[in-house]
Amino acid sequence: MEYGLVLWWLVAYLAFMAVGMPLAAVLFPRLADRGAGVALPTALAVLWVVAYLVGHVSLTAGLLVGLAVLAAASVVAVYRGAEFDRRRYGEAAAVFTVAFLFMIAIRAVDAGVHPLMGEKFLDFGLLQSILRADALPPEDMWFAGRPVKYYYGGHLIAALLTKITGTEARFAYNLALAGFFGMLVTAAYGLAGSVAASRGVSRVRAGAFGAFFAGFAANISTAVQFGAWLLPDGLSSFVIGLLGVELGRVGREGPGAFRYWDASRVIEGTINEFPLFAWLNGDLHAHMMSTPFVLLVAALLFSYYRTPAAARTRRLLLVVAAVPPLAGLLAVVNTWSFPTVGGLTFLTLALAPADPVSLLPGAVGERIPRREDWQRELVRHVVALVGAVVVVALGIVWSLPFWLGTASTRSIGFLPDKSSLGGLLLAHGAFALLFGIYLVRHAVPQVDREFLGESLVMLGIGVAIAWLGASSAALAIFGPMIVVAWVLLRTQADVVHRAASRTAETAMGAVSDGGGATGSATEGTASDGDARVRDVVGFETLLLIAGAGIVVLVEFVYVQEEAGPGRMNTVFKTYADVWILWAVAAGAILARLVENHSPELALSGDTWQSAFRALAVVLVVATAMFGAFAVPKHLSGESPINRYDHPDDPTLNGFVFVNQSHPEEYPAIEWFEDLDGQPNIASAPGRGSQMYQWSNPISSLTGVPTVAGWAHEVGYRGGEVYRARLDDVDTIYTGSAEQRAYYLDAYDVEYVYVGTNERQEYSEEELAAFESMAGLSVEKQWNSVVVYRVEQSELQYPDE
């Protein structure tokens, strides 16, 4: 086990967190943790934005300038009085360290970068390609001579950390993976705690719940299957049939038949992952690396939400100066999260206590007719929509090189096959139950008892229309939640607005309108304003709406692509944002249910207090059951993936799989890894049937580009272009000497690789022809593996 590397990377992460603390103090003065939970992604975001922009000229310069800008920004923040809260830093560092080391333990028994059941070959290839590149965008390791057509921003962050720490990529892959997990858990802890504290609830308890839901909780499919196994056969079949799902392995055979993969496929035709599954699977994939930065955006918008209306300049700077660069970052890290920024911005501007119209120039705002209530609401939402569009447009500007050259195009599809009620309940049931109870507590006291019956009838009619008219279980479940949550946020906004106004003078004494640094030790809690703030909904409800909106949206709209049939990939990628937004909301909400039993709320009193504590236990146990089965199996080497390379001695060496399963090609991989630059090679393509197998190992594991790699390129560039390259590669291995020479020159090939796949794909006679070709010579040979060097000037082929 590489304990020294683990310690070195942990020190590096905590150092970046320390540098980010003054910046967080400036951006998040009204958050209870002063932004400590997101200090690390804040620092890395600054480094990334600069390195990405400058990196299109020189990656080395981008890294150096990025570090300089980050250091300078932190020094300026300190000079302006930014507080470095040692206690908050220590707390956030402790949470990060626990999460980081937990994931290190997971990766240490499954470190191999293998192609099985995931995207590790894609992710590691992107990391290696960036490490080899002189400038951005990097050359595509599966499409030599062309830049990547993929969102690679997260891999750029991993590459920057790899360069800073001076680590080999084979180790950096798993260390970066653990770091992103630690950032996610710490951000969820900090944001959930701060959201709860803004309503006078324990920050630590809410943070712990948020960290749990983000880092360890899972959907309830495992718990339901386990419960079915405990029940008598007839009753078990009835319960499972009632949900409209099948009895799974655990339900039929018991816990011994548990397989971690099943929990990610509970909604038919989709992939419905959650963080623990994703990190157990071990891909360094975009939808995982974007999660801490999505929560950083949410924290910025929560900072806006908490800023008094009088602090117009600060609110404006948060929206148009702080959020757009992060939107640009997310566009390149994980384009699927880019719309989430726009949606969160719209919801925050529309539902925050401060009127977004006040952000407009005075002369413009005064001309807008707003005499009637409906006019005020309409204008508020229109301005919020315009603000979201502006943020998205500025985000595009910040990431313009990506949109102009790297992003691949997709078309939009409508009305796909919808999720079943049972599938939705298995995937989202725990959150839906918690959110439903929370909304009932707050909504019932707002309804005049005389009209309570009519309100329930209207709500029932809405559910029926969604269920029968739109044939959408998701709309029937989450549509009413969105409506009730929206109404509560708007009708209770005045309470928060008045409390914020009364404390604005005190707050602005510590935080200047221009974005000053610090706040008092108690700032950001309900106790500093109106006591009624404790009993009204807040930012957690906005996050509830955001996640529910995504779930409903992907029932009707999806992105058409090659990554899977119908909306499979759309649900896969968007549900990552749903989970983390809901994890934070659930952390704050569960803490409020456990603690707050004000008579102003429904379902209050000693009996309900006990009931909610029992609910907390049930939810934690039910959502922890997947991890309780999966983690021990994983650590013991019984999972369906790490049984291939479970080492006797734990290691973070990503090449352990290669050394064990393909030792005949291991020396060649090491040799290519030591080459400078990105010399193009020819190797057998990873055709459709060969994906997720041992294909294109050289390019995937070293970043050396091959003429045609995995069939993923069909989705990036189109089938016709990819198939043309397949034909050209086949000609290199099977054509006449003149034809081979022509394509070796056309693709500027410097090495021809003959390994396991090439010997299976082509005949010995066809491969032997390289021996006699002019311009080719044996560069290296290891038993059955041969590498031919191509001298372009000596190739012989017709001019035409």
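Since the model is a prediction, treat every value here as computed from it, not as a measurement.

(A) A look at helix 20 (residues 421–443). Helix length check: helix 20, at 23 residues, gives a terminal C-alpha distance of 25 Å against a target of 33 Å (1.5 Å per residue), a shortfall beyond 12%. A bend of about 80° at His428 is the largest found in helix 20. Among the 23 residues that make up helix 20, 17 are buried, leaving the element largely enclosed by the rest of the structure.

(B) Inspection of a nonpolar patch on the surface at higher detail. On the surface, a nonpolar cluster with roughly 780 Å² of combined accessible area is contributed by Leu53, Val320, Trp374, Leu378, Val382, Val386, Val390, Leu394 and Trp398. For the nonpolar patch, the leading source of residues is helix 18 (residues 373–398), giving seven residues. Positionally, Val382 belongs in helix 18.

(C) Representation of the nonpolar core. By size, the foremost hydrophobic cluster in this structure holds 238 residues, and its most contacted members are Phe100, Phe435, Phe626 and Phe672. Element by element, the count of residues in this core is highest for helix 7 (residues 169–197), at 20 residues. Look past the residues within four positions of Phe672 in its chain and what remains in contact with it is Arg132, Ile681, Ile698, Thr702, Val704, Tyr751, Tyr753 and Val787.

(D) Quick peek at unusual backbone geometry. Of note, the bond from Leu136 into Pro137 is cis; its omega dihedral lies within 30 degrees of zero at -10°. Relative to the assigned elements, Pro137 resides in the loop between helix 5 (120–132) and helix 6 (153–165). The phi dihedral of Leu603 is positive, around 55°, even though this residue is not glycine. Along the chain, the position of Leu603 falls in the loop between helix 25 (568–595) and helix 26 (606–636). Positive phi is not limited to glycine here, since Asn783 has a value of about 50°. By secondary structure assignment, the location of Asn783 is in the loop between strand 5 (776–782) and strand 6 (785–790).

(E) Expanded view of the packing of aromatic side chains. All told, the structure shown has 53 aromatic pairs when counted by the stated rule. When the centroid spacing of 5.6 Å and the interplanar angle of 65° are considered together, the rings of Phe258 and Phe626 count as edge-to-face. Highlighted residues: Phe258 in the loop between helix 11 (249–253) and helix 12 (275–281) and Phe626 in helix 26, separated in sequence by 368 residues. Each member of the pair Phe258 and Phe626 is classed as buried. Over the ring of Phe143 we find Arg725, and its NZ or CZ is 3.8 Å from the ring centre.

(F) Main features of the sheet that holds strand 5. Ordered in space as 3-4-6-5, the four strands form an open sheet in which the pairing is mixed. Edge positions in the open sheet fall to strand 3 (680–682) and strand 5, since each of these has one partner strand only. Ignoring which end each strand starts from, the neighbouring axes of this sheet average 25° apart. In terms of strand pairing, strand 3 meets strand 4 (residues 749–754) through three bridges, oriented parallel. Bridging from a neighbouring strand, Ile681 pairs with Tyr751 of strand 4.

(G) Quick look at the packing of helix 3 (residues 59–79) against helix 6. Their axes nearest at 11 Å, the elements helix 3 and helix 6 cross at an angle of 80°. Here helix 3 is positioned roughly perpendicular relative to helix 6, judged by the angle of their axes. The segment helix 3 lies against helix 6, with Leu59, Leu63 and Leu67 engaging Leu156, Leu160, Lys163 and Ile164. For the contact of helix 3 with helix 6, the per-class residue count stands at six nonpolar, no polar and one charged.

(H) Structural detail: the confidence of the model for the protein chain. Confidence in the prediction of the protein chain, expressed as mean pLDDT, is 89, and 90% of residues score 70 or more. Counting interchain partners and residues more than four positions distant, the pLDDT-below-50 stretch residues 505–524 has 56 contacts.

(I) Local environment of helix 28 (residues 666–673). Counting buried residues along helix 28, six of its eight residues qualify, which places the element largely inside the surrounding structure. For helix 28, every residue scored as buried is listed here: Tyr666, Ala668, Ile669, Trp671, Phe672 and Glu673.

(J) Representation of the side chain of Arg740 within the structure. Relative to the helices and strands, Arg740 resides in helix 32 (residues 737–746). For Arg740, which is buried and forms no salt bridge, the nearest opposite charge comes from Glu766, at a distance of 6.2 Å. Discounting chain neighbours no more than four positions away, the residues touching Arg740 are Thr731, Ile732, Tyr733, Thr734, Gly735, Glu766, Ala769, Phe770 and Met773.

(K) Spotlight on the pattern of salt bridges. Applying the stated criterion across every chain, the model contains 18 salt bridges. Among the ionic pairs, Glu91 bridges to Arg203, the shortest N-O distance being 2.8 Å. Of this pair, Glu91 sits in helix 4 (residues 86–108) while Arg203 is found in helix 8 (residues 203–215), placing the two residues 112 residues apart along the sequence. Here Glu91 falls in the buried class, since its relative accessible area comes to 18%. Accessibility expressed as a relative area gives 13% for Arg203, which makes it buried. Of the charged contacts, one joins Glu377 and Arg490 as a salt bridge, the two residues approaching to 2.6 Å between their closest N and O atoms. Note that Glu377 is positioned in helix 18 and Arg490 in helix 22 (residues 473–491), a separation of 113 residues in sequence. Its relative accessible area of 29% is what places Glu377 among the partly exposed residues. Each of Glu168, Arg170, Glu670 and Glu673 takes part in a single network of salt bridges with overlapping partners.

The rules behind each value
Residues numbered from 1 in each chain as written. Predicted model: local features only at pLDDT ≥ 70, side-chain atom pairs only at ≥ 80, totals over all residues. Heavy atoms only, no water. Helix = DSSP H or I, 4+ residues; strand = E, 2+ residues; numbered from the N terminus. Expected span 1.5 Å × (residues − 1). Bend = angle between axes of the 7 residues up to and from the residue. Buried < 20%, exposed > 50% of the residue type's maximum accessible area, 1.4 Å probe, protein only. Patch = residues over 30% accessible without salt bridge, like charges linked within 9 Å, V, L, I, M, F, W, Y side chains within 5 Å. Areas by Shrake-Rupley, 256 points an atom, 1.4 Å probe, with all protein chains shown as cover. Salt bridge = Lys/Arg side-chain N within 4 Å of Asp/Glu carboxyl O. Core = buried A, V, L, I, M, F, W, Y, C linked by side-chain atoms within 4.5 Å. Contact = heavy atoms within 4.5 Å. Phe/Tyr/Trp six-rings, centres within 6.5 Å; stacked < 30°, edge-to-face > 60°. Lys NZ or Arg CZ within 6 Å of the ring centre and 35° of its normal. Pairing = 2+ DSSP bridges. Axes fitted to C-alpha atoms, helices over the stretch in contact; angles between N-to-C directions. Parallel < 35°, antiparallel > 145°, perpendicular 65-115°, else oblique. Nonpolar A, V, L, I, M, F, W, Y, C, P; charged D, E, K, R; others polar. pLDDT = per-residue confidence, 0-100. Lys, Arg positive; Asp, Glu negative; His and termini not counted.

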